[in-house]
Amino acid sequence: MTKEKREIARRQDKAPIATAWDYAPAPEARDIVKIRERYGLFIGGKFVEPESGERYTTIDPAREEPLSEVAQAGKADVDRAVRAAHDAFANGWSNLRPSERAKYLFRIARLLQERSREFAVLESLNGGKPIRESRDVDVPLAAAHFFYYAGWADKLEYAFPNRKPRPVGVAGQIIPWNFPLLMLAWKIAPALAAGNTVVLKPAETTPLSALLFCDVLRQAELPPGVVNIVTGDGRTGAELVSHPGVDKIAFTGSTEVGKAIQRTLAGTGKRLTLELGGKAANIIFDDAPLDQAVEGIVNGIYFNQGHVCCAGSRLLVQESIYETVIAKLKRRMATLRVGDPLDKNTDVGAINSKQQLEKISALVQSGIDEGAEIYQPPCRLPERGYWFVPTVFTNVAQSYRIAQEEIFGPVLSVLTFRTPDEAVEKANNTPYGLSAGVWTEKGSRILAMAQRLRAGVVWANTYNRFDPASPFGGYKESGFGREGGRHGLEPYVVLDNP
Amino acid sequence: MATAPVLPGGFELPLEPRLPRLGSVDAVALEERAAALATRSIKREAKLFALDLAIRMMDLTTLEGADTPGKVAALSSKGIRPDPSDPNIPSVAAICVYPNLVPYALERTRGTSVKVASVATAFPSGQSSIDIKLAEVREVVEAGAHEVDMVIDRGAFLSGRYAKVYDEIVRVKEICAGRAHLKVILETGELGTYDNVRRASLLAIAGGADFIKTSTGKAATNATLPVQLCMLEAIRDVHEETGRVVGMKAAGGIRQSKQAVQFLVQVHETLGLPWLTPDRYRLGASTLLNDVLMQIRKERTGRYQNPDYFTVD
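Conventions and cut-offs
- Residues numbered from 1 in each chain as written.
- Chains lettered and ligands numbered in written order.
- Predicted model: local features only at pLDDT ≥ 70, side-chain atom pairs only at ≥ 80, totals over all residues.
- Helix = DSSP H or I, 4+ residues; strand = E, 2+ residues; numbered from the N terminus.
- Rg over C-alpha atoms; globule rule 2.2 N^0.38 Å.
- Buried ≥ 20, exposed ≤ 12 C-beta atoms within 10 Å, placed from the backbone.
- Contact = placed C-beta atoms within 7 Å.
- Pairing = 2+ DSSP bridges.
- Axes fitted to C-alpha atoms, helices over the stretch in contact; angles between N-to-C directions.
- Domains from an automatic or database assignment.
- Nonpolar A, V, L, I, M, F, W, Y, C, P; charged D, E, K, R; others polar.
- Parallel < 35°, antiparallel > 145°, perpendicular 65-115°, else oblique.
- Left-handed = near helix turned anticlockwise from the far one by under 90°.
- Arc of directions from axis to C-beta.
- Core = buried A, V, L, I, M, F, W, Y, C linked by C-beta atoms within 7 Å.
- pLDDT = per-residue confidence, 0-100.

1. Topic: the overall build of chain B
Phase 1 of the analysis: Along chain B, the regular secondary structure elements total 11 helices and 8 strands.
Phase 2 of the analysis: Its C-alpha atoms give chain B a radius of gyration of 20 Å, near enough to 20 Å, the size a compact globule of 313 residues would have.
Phase 3 of the analysis: Along the three orthogonal principal directions, the C-alpha set of chain B runs to about 70 × 45 × 30 Å.
Phase 4 of the analysis: When the 313 residues of chain B are sorted by exposure, 52% land in the buried category.
Phase 5 of the analysis: Of the contacts formed within chain B by residues at least 6 apart in sequence, a portion of 71% connects residues at least 24 apart.

Dropping the structure here:
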C-alpha cells in the first residue's frame with residue numbers, strides 16, 4: 001500500500017460519525033419590509049390621525065418587542081370611516097362599469113404577488129407564524145382570492161341566473177388574528193367585486209399587514225373611500241357593528257363574539273355572515289395510507305400553531321390501528337422544528353399573544369387534571385416570546401373539556417372509534433360544524449362519510465387545503481354564510497327580479 | 001406473524017390487528033410532504049456537513065457502452081481522491097461499474113476504503129433467463145466485487161408474478177450472502193404507482209436486500225424525492241416492526257449539490273441520524289461529484305471557482 005493510500009484509508013476510518021445535523025439558522029431578511037413608527041387610520045384614501053387620540057403598541061410575539069404604534073379607533077373615527085365608504089359607494093363605485101372594478105382587483109392581486117416577500121415577512125413578524133407558511137400559503141392564497149373575484153366582477157349576472165344582482169352598500173368587516181392578510185382578502189375581494197365599499201377592522205394584535213395593504217391600494221389607484229381600514233380592539237368592532245350606516249356585517253372570530261354580534265343586529269335589517277370556531281374531527285380509518293395520514297394529522301393541528309378555526313383538533317382513530325398511528329405521530333412530532341418564525345426551516349412558530357398562550361395553557365392543564373395522558377416531544381424553546389410545545393393528549397374521553405372546547409393552539413386530543421357509524425356520531429357530537437377530515441383508501445366510504453358529517457368542509461385524504469373557488473363556512477355554532485367560490489358572492493349582492 | 005392455517009394458499013389472513021401489512025400510499029399527500037421537505041434551507045456549516053456526507057456516501061458510477069479499462073481506472077482514482085488540492089475531502093463510498101470492468105476497478109482501488117460495486121442480472125432491463133442472471137452474479141462476486149446492484153424483473157412484477165421477482169432476489173442473495181452486499185434496484189420509473197414502489201420495496205427487503213435502490217439511471221424517470229420518501233417509509237416500517245436495518249440508495253438524475261442535500265434532508269427527517277452513514281445510505285451518481293466539490297470550495301472561500309479547476313474523469 002502506498003503511503004498516500006494509507007493516509008486516505010486512515011482518514012476514511014476517522015471520518016466523523018454524525019452525532020447531529022443541526023440546520024444552521026436560515027432567517028429571512030426582515031429589512032425588506034419597512035414598518036412605520038406609528039400608523040393612523042386609513043380613511044378616504046389616506047392615513048388620518050384618530051380623533052379618539054388613543055393608540056396602542058403592536059408587538060412581535062416571538063420576541064416580545066414593539067413593532068409599531070397603531071390607532072385605537074373610537075366612535076367618531078368609525079363614523080368617519082363609514083361615511084367615507086358611503087360617499088365612495090354613492091359617488092361612483094357602485095355604478096362603475098364592472099370590468100373597471102375587475103381592473104382594480106386584478107391590480108391588487110398582481111401587486112400582492114410583486115410584494116409577496118414584504119407581506120410574508122410582515123405577517124410572520126406581527127403574527128408569529130412561520131415564514132414557510134406565510135410565504136407558501138397566506139400570501140399566495142390572498143393574491144389568488146383577488147384574482148378569482150376579479151374574474152367574477154363583470155359576470156355577476158351569470159353567477160345568479162334570472163336575477164338582477166346589485167351591491168348591498170357599505171360592508172363592515174371584522175377579521176381575526178390567525179390569518180390577517182388572507183382573511184382580509186377573503187372579505188374585501190368579493191365585497192369589491194360585487195360593487196360594495198368596505199370598512200375593515202383587522203384584529204387587535206395583527207394590524208400591520210392590513211396597514212401595509214393600504215399602500216397596495218394606493219399603488220392600485222383604488223378610488224378613495226372604497227376600502228377603509230380602522231384599527232383597534234373589540235370596542236372598535238362593536239362601534240362598527242352598531243353603526244347605522246353599515247348595511248352588512250361579516251365577522252370571522254370566536255363563537256362568543258359572533259353570538260353577541262347577532263344579538264346586536266337582531267331587528268336592524270343588516271345582513272350578517274359569521275365564520276366562527278370549530279372542533280373538527282380528523283377521522284382515520286384502518287385502511288388509510290398511514291404515513292400520509294400522520295402528515296395530515298400534523299398539518300391539521302400544528303399548521304399555524306393550531307390557530308386555525310378549521311383545525312383538526314380531535315383525532316378519531318379506528319381502534320385497530322390506534323397504537324401504530326400514535327407511535328408514528330409521536331415520532332413525527334419529534335421532528336417538528338419550533339422556533340423563530342422568520343427562520344425558513346421553522347415548522348411551528350410563536351403563539352400569537354400572551355392572552356392566547358394563557359388560554360391554551362389553562363385548557364391543557366384541565367386536560368391533565370381530567371385524566372388525559374399528555375405527550376410533548378423534547379423541544380428547546382426560545383427564552384423570550386410566547387411559545388407552546390406541540391402537544392397530543394391520548395386517553396381522552398368525549399366529555400373532557402379538551403374534547404369539547406376549541407383550544408385554538410397546537411394541542412390535539414385523540415379519541416378512538418370502532419365502526420363508521422360511531423365515527424360519524426362522535427364527529428358530529430359537538431356544537432361546532434366547520435370542518436372534518438376523512439382518511440381511507442375507499443372512495444365510496446369517503447362519499448358516504450362526507451354526506452353524513454355535519455361540517456361545512458370535509459377533506460378527504462388531505463387537510464387544511466384552501467382554494468378561492470371552494471366555498472368555506474360552518475354548520476351550527478361555527479356560523480353561517482359561505483366565503484369563497486360563487487357562494488362567497490351571495491352575502492354581498494341583493495338579488496332583484498329582472 | 002401468525003396467519004390462519006385453514007385458508008387456501010395465497011389467502012393470507014393476518015391474525016393480529018396491526019402492522020405488518022402491505023399498506024397503501026396516497027400519492028398527493030406523499031408528494032406534498034416531499035415538496036415541503038425540499039424547501040428546507042440548508043446553509044453554512046449544515047451545508048458543508050451535508051456535502052461532505054454526500055461524497056462519503058457516493059457510488060461514483062459509470063455505466064456506458066463506451067466504458068473502457070482506462071475510463072474505469074480514471075474514475076477510480078477520482079473516487080479515491082476527489083480533489084487532489086484539498087486533503088480534507090474524503091473518498092467516495094464505492095465505484096459502480098459493469099461486470100466485465102470489475103477487475104480494473106478493483107486493481108485501482110486496492111488498499112483504499114473505496115469499494116467496488118457491480119451491476120448484474122442483465123442490467124438494466126433484467127430481461128434474461130434466471131440462469132444467465134445468476135451466472136453473472138456469481139462471476140462478479142467471484143471476481144471480488146464488494147457490492148452487487150441487481151435489477152428486479154419488472155416484467156414479472158407488472159404482470160403480478162411477484163413470486164418470480166421474490167425468488168430471483170432470494171437466489172441472488174444466496175450467492176451474495178456473506179461475500180457481497182446486495183442492492184436491489186426497483187427501477188421505480190417503470191413501476192407506475194407509489195403503491196407499486198412500496199410493494200416492490202417490501203418484496204426486495206423480504207427477499208434479502210441489504211439496500212433497496214431506486215433506479216438504473218437508464219429509464220426516463222429516475223430517483224425522485226417522493227419515490228425515495230415512499231421507499232424510506234417502507235424501510236422505516238420494517239425497522240420498527242422487526243428491528244432489521246435496510247439501506248437506501250437513490251440513483252439517477254441527481255446531478256447537483258442542491259438535489260443531493262434535498263435527498264439527505266429527507267433521509268434525516270424520515271429515518272433520522274442513524275441512516276446518515278455510507279453503511280445505510282448511498283447516492284448513485286456519475287456527474288454529481290464535481291458540483292459538490294465546487295460547492296464545498298464556494299462555502300469555504302465565498303466564491304465560485306472556474307470548473308476547469310476540478311478534474312474531469
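Back to the write-up after that little detour.
2. Regarding the sheet that holds strand β15 (residues 411-417) of chain A
Residue and element names in this part refer to chain A.
Phase 1 of the analysis: The strand order across the open sheet formed by 7 strands is β13-β14-β15-β12-β11-β16-β17, and the pairing between neighbours is mixed. This sheet does not close on itself; its edge strands, each paired only once, are β13 (373-375) and β17 (457-460). Sheet twist, expressed as the mean angle between neighbouring strand axes with direction ignored, is 20°.
Phase 2 of the analysis: As judged from the 3 bridges shared by β13 and strand β14 (residues 391-394), these two strands associate in the antiparallel manner. Considered in β14, the bridge of isoleucine 374 is made with phenylalanine 393.

3. A few points about the domain arrangement of chain A
All names here are of chain A.
Phase 1 of the analysis: Entries for chain A in the domain assignment read domain 1 (30-276 + 478-496) and domain 2 (281-467).
Phase 2 of the analysis: Distance from the C-alpha centre of domain 1 to the C-alpha centre of domain 2: 30 Å.
Phase 3 of the analysis: In this complex, domain 1 contributes 20 residues to the contact, which on the side of domain 2 involves 25 residues.
Phase 4 of the analysis: Among the elements of the structure, α4 (116-127) and α5 (131-152) are those that each provide at least two residues to the side of domain 1 that touches domain 2.
Phase 5 of the analysis: Looking at the side of domain 1 that touches domain 2 residue by residue, the class counts come to 7 nonpolar, 6 polar and 7 charged.

4. A look at the packing of helix α5 (residues 130-143) of chain B against helix α7 (residues 162-176) of chain B
Residue and element names in this part refer to chain B.
Phase 1 of the analysis: Two elements in contact, α5 and α7, have axes separated by 9 Å at closest approach and are oriented at 25°. Between α5 and α7, the angle falls in the class roughly parallel. Note that α5 runs across α7; the crossing there is right-handed. Packed against α5, whose contacting residues are Ile130, Lys133, Leu134, Val137, Arg138 and Val141, the element α7 presents Glu168, Arg171, Val172, Ile175 and Cys176 at the interface.

5. Focus on helix α15 (residues 420-428) of chain A
Each turn of an α-helix holds 3.6 residues, which means side chains three or four residues apart point in the same direction.
Residue and element names in this part refer to chain A.
Phase 1 of the analysis: Every buried residue belonging to α15 is among Ala423, Val424 and Ala427, and all of these are buried. Buried residues along α15 cover an arc of 95° about the axis, so they all sit on one side.
Phase 2 of the analysis: Elements that come into contact with the buried residues of α15 comprise β11 (281-284), β12 (314-318), β15, β16 (435-439) and α16 (443-452).

6. Thoughts on the interface of chain A and chain B
Phase 1 of the analysis: Facing 32 residues of chain A, the contacting portion of chain B comprises 34 residues.
Phase 2 of the analysis: Among the elements of the structure, α1 (3-13), α11 (290-302) and α12 (322-333) of chain A are those that each provide at least two residues to the side of chain A that touches chain B.
Phase 3 of the analysis: Split into classes, the residues belonging to the side of chain A that touches chain B amount to 14 nonpolar, 9 polar and 9 charged.

7. Overview of the nonpolar core
Phase 1 of the analysis: By size, the foremost hydrophobic cluster in this structure holds 97 residues, and its most contacted members are Ala54 and Met58 of chain B.
Phase 2 of the analysis: Per-element accounting of this core gives the leading share, 8 residues, to helix α9 (residues 225-242) of chain B.
Phase 3 of the analysis: Contacts of methionine 58 of chain B, omitting those with residues within four sequence positions, involve Val92, Ala93, Leu283, Ala285, Leu288 and Leu289 of chain B.
Phase 4 of the analysis: Phe42, Ala71, Val78 and Phe89 of chain A belong to the second-largest nonpolar core, a separate cluster that totals 91 residues.

8. Concerning the confidence of the model for chain B
Phase 1 of the analysis: In the predicted model, chain B carries a mean pLDDT of 94, and 93% of its residues have values of at least 70.
Phase 2 of the analysis: Overall fold confidence (pTM) sits at 0.93, and the ipTM for the predicted complex is 0.91.

9. Thoughts on helix α4 (residues 102-109) of chain B
Residues and elements named next belong to chain B.
Phase 1 of the analysis: Where burial is concerned, most of α4 is hidden: 6 out of the 8 residues are buried.
Phase 2 of the analysis: Turning to α4, the residues buried within the fold contact α3 (69-80), β2 (94-97), β3 (115-120) and α5.
Phase 3 of the analysis: Phi turns positive, to about 85°, at glycine 111, one or two residues after α4.

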